[in-house]
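Given next are the chains, with one letter for each unit.
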Amino acid sequence: MNSAAISYYFGGKKNLYQEVLYTQAEKFLKLQNTIRARKESPLTKLRIYVDSIAEMQQAQPYNIHLIYRELLTPTFMCDSFIKNRLYKIHKFMSELVTEAIADGSIHNNMQPTHVAFTLESIIVFFFLTHDQIRDLGHFENGTESTYLEEALNTYLSSITN
């Protein structure tokens, strides 16, 4: 793209980068609103959320990496981006876990934010490394949903009633 067009439409490269990050985060926030409106149990909603994240990753595998990169190697955007967007993404998963504890699906001695961080870590680690560990883990392209479902089931089986 012509650098003059970047300046014209976005006011510079930093603003373009910010817009890309915010656009990716908005996809998660819209997904959350859709899932909140559903009538399923909290665990079902959690599974739907993880499946949907896998589908998003498959559709645009490199765009979501920007969010992960910002967490691993923060730039000038990190503080405002985390406070404005990533916190909301994490809070949603913590809310689902809290609801699952309240309805007795998850052990009541669990810390919702710890469970959410663990689930987020499983997701992030897989998508950051799946191209490099495909042979080691016997993953085929397009099997992300299956892997995440198995990983989610394995983890949840250790914390559910």
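Not measured: the values here are computed from a predicted model. (Residues numbered from 1 in each chain as written. Predicted model: local features only at pLDDT ≥ 70, side-chain atom pairs only at ≥ 80, totals over all residues. Heavy atoms only, no water.)

Asker: Give me the nonpolar core: which residues, what numbers.
Answerer: By size, the foremost hydrophobic cluster in this structure holds 41 residues, and its most contacted members are Tyr 49, Phe 81 and Ile 123. Contributions of two or more residues to this core are made by helix H2 (13-36), helix H3 (42-59), helix H4 (63-72), helix H5 (78-102), helix H6 (112-137) and helix H7 (144-159). The residues touching Ile 123, leaving out its near neighbours within four places in the chain, are Val 50, Ile 53, Tyr 68, Met 93 and Leu 148. (Core = buried A, V, L, I, M, F, W, Y, C linked by side-chain atoms within 4.5 Å. Buried < 20%, exposed > 50% of the residue type's maximum accessible area, 1.4 Å probe, protein only. Helix = DSSP H or I, 4+ residues; strand = E, 2+ residues; numbered from the N terminus. Contact = heavy atoms within 4.5 Å.)

Asker: Explain the packing of aromatic side chains to me, using residue names and the numbers behind them.
Answerer: Counted under the stated rule, the structure contains two aromatic pairs. When the centroid spacing of 4.9 Å and the interplanar angle of 90 degrees are considered together, the rings of Tyr 8 and Tyr 9 count as edge-to-face. Residues Tyr 8 and Tyr 9 agree in their burial class; the two are exposed. Ring geometry for Tyr 49 versus Phe 92: centroids 4.9 Å apart, planes at 70 degrees, classification edge-to-face. Here the residue Tyr 49 occupies a position in helix H3, and Phe 92 occupies one in helix H5, the gap between them amounting to 43 residues. We note that Tyr 49, like Phe 92, is buried. (Phe/Tyr/Trp six-rings, centres within 6.5 Å; stacked < 30°, edge-to-face > 60°.)

Asker: Which residues make up the side chain of Ser 52, and what are the values?
Answerer: Turning to its location among the elements, Ser 52 is positioned in helix H3. Using a relative accessible area of 15% as the deciding quantity, one classes Ser 52 as buried.

Asker: Help me get a handle on the pattern of salt bridges, residues and values and all.
Answerer: The tally for this structure, following the rule as stated, stands at three salt bridges. Among the ionic pairs, Glu 95 bridges to Arg 36, the shortest N-O distance being 3.1 Å. One end of the pair, Glu 95, is in helix H5; the other, Arg 36, is in helix H2, and 59 residues separate them in sequence. The class for Glu 95 is partly exposed, based on a relative accessible area of 25%. For Arg 36, a relative accessible area of 38% gives the class partly exposed. Look at the salt bridges and you will find they share partners, linking Arg 36, Lys 91 and Glu 95 into a network. (Salt bridge = Lys/Arg side-chain N within 4 Å of Asp/Glu carboxyl O.)

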